[in-house]
Amino acid sequence: MRRIAIIITFLAMLPLGMKAEVDPDFYIYLCFGQSNMEGNATPEAQDKKDVDPRFQTLACVDFKNPQRTMGEWYTAYPPIVREGTGLGIADYFGRTMVKNLPENVKVGVVDVAIGGTKLEGFMQDKVGDYIASMNPKTEDWLINYFKAYDNDPYQRLVDMAKIAQ
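The model shown is predicted, which means the values in this text are computed figures rather than measured ones. (Residues numbered from 1 in each chain as written. Predicted model: local features only at pLDDT ≥ 70, side-chain atom pairs only at ≥ 80, totals over all residues. Heavy atoms only, no water.)

1. Brief notes about the overall build of the protein chain
Then, in step 1: When you go through the protein chain residue by residue, the secondary structure sums to seven helices and four strands.
Then, in step 2: N-terminal to C-terminal, the α/β element order of the protein chain is α-β-α-α-β-β-α-β-α-α-α.
Then, in step 3: Evaluated residue by residue, the protein chain yields a buried proportion of 38% over its 165 residues.
Then, in step 4: Considering only contacts in the protein chain between residues 6 or more positions apart, those separated by 24 or more positions represent 64%.
Then, in step 5: For the protein chain, the exposed area adds up to about 10400 Å²; of that, 55% sits on carbon and sulfur atoms. (Helix = DSSP H or I, 4+ residues; strand = E, 2+ residues; numbered from the N terminus. Buried < 20%, exposed > 50% of the residue type's maximum accessible area, 1.4 Å probe, protein only. Contact = heavy atoms within 4.5 Å. Areas by Shrake-Rupley, 256 points an atom, 1.4 Å probe, with all protein chains shown as cover.)

2. A look at the sheet that holds strand S2 (residues 55–58)
Then, in step 1: Strands sit in the order S1-S4-S2-S3 across an open sheet of four strands; the sheet is mixed. Two strands bound the open sheet, and with one partner strand each, they are strand S1 (26–33) and strand S3 (73–75). Across the sheet, the axes of successive neighbouring strands diverge by a mean angle of 30°, strand direction being ignored.
Then, in step 2: Sheet topology places S1 next to strand S4 (residues 106–113); eight bridges connect them, and they run parallel. Opposite glycine 33, over in S4, you have alanine 113 as the bridge partner.
Then, in step 3: Its contacts with the sheet place helix H4 (residues 89–100) against S1, S2 and S4, and it is angled at close to 170° to S4. (Pairing = 2+ DSSP bridges. Axes fitted to C-alpha atoms, helices over the stretch in contact; angles between N-to-C directions.)

3. Structural notes on the side chain of arginine 68
Then, in step 1: Along the chain, arginine 68 falls in the loop between S2 and S3.
Then, in step 2: We note that arginine 68 is buried and unpaired, the nearest opposite charge coming from aspartate 91 at a distance of 7.6 Å.
Then, in step 3: A distance of 2.5 Å separates the side chain of arginine 68 from the backbone oxygen of proline 79, its partner in a polar contact.
Then, in step 4: Setting aside anything within four residues of it in sequence, one finds arginine 68 in contact with Thr57, Ala59, Val61, Asp62, Phe63, Tyr74, Thr75, Tyr77, Pro79 and Ile80. (Lys, Arg positive; Asp, Glu negative; His and termini not counted. Salt bridge = Lys/Arg side-chain N within 4 Å of Asp/Glu carboxyl O. Polar contact = N/O pair within 3.5 Å; in protein donor to acceptor, adjacent residues only side chain to side chain.)

4. A look at the state of the cysteines
Then, in step 1: According to the stated counting rule, one finds zero disulfides in the structure shown.
Then, in step 2: We note that cysteine 31 lacks a disulfide partner, and the nearest cysteine sulfur, in cysteine 60, lies 9.0 Å from it.
Then, in step 3: Overall, the relative accessible area of 7% leaves cysteine 31 in the buried class.
Then, in step 4: On the accessibility criterion, cysteine 60 (0% relative accessible area) is buried. (Disulfide = S-S within 2.5 Å.)

5. Looking at the pairing of S4
Each regular strand displays side chains that alternate between the two surfaces of the sheet.
Then, in step 1: Burial analysis of S4 places seven of its eight residues in the buried class, the great majority of the element.
Then, in step 2: Bridging between S2 and S4 involves four bridges; their strand directions are parallel. Its bridge partner lying in S4, glutamine 56 is registered against glycine 108.

6. What about unusual backbone geometry?
Then, in step 1: The omega torsion across asparagine 65 and proline 66 is 0°, close enough to zero to call that bond cis.
Then, in step 2: You can see proline 66 is positioned in the loop between S2 and S3.
Then, in step 3: With omega at 5°, the peptide bond leading from proline 78 into proline 79 counts as cis.
Then, in step 4: Within the fold, proline 79 resides in the loop between S3 and H4.
Then, in step 5: The phi angle at aspartate 50 is positive, at roughly 55°, despite the residue not being glycine.
Then, in step 6: Among the secondary structure elements, aspartate 50 is positioned in the loop between helix H3 (45–48) and S2.
Then, in step 7: The exposure class assigned to aspartate 50 is exposed, which follows from its relative accessible area of 74%.

The values reported here are purely geometric and, on their own, carry no functional implication.
Structural data, given as structure tokens:
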């Protein structure tokens, strides 16, 4: 009986359905685009070390290397979009921001990007037809990038922005 009372007490203390408080010192930027946003530059050793932990990225896909889980925050060293991408605009944007902001402020980026895609790839009413028009033999790499975002990069950005809130 005592064990049941302890469990009930513990469950009553859980913040069921409650959202975390908004942190006014955590600035979050949504990043959306093509190759420059994705990061095509090869990161050098200096790009992967000494990244201020106040600069965070929200993983928008699962990564194996580095190990990252979609929807979780991590210190933002490259790659920040997905495995196989490089150094992009958001990398040094965030580093510059935290360097010039007060020590109590963190900067987070939510980066959804696909290099080599047309604008239709980011338009919800056109992305399905755009993917269907791709040649699976020659554009399988691009098709797979879309699959990583459940074939709707725009919706993935919206979903990740909701998590970031």
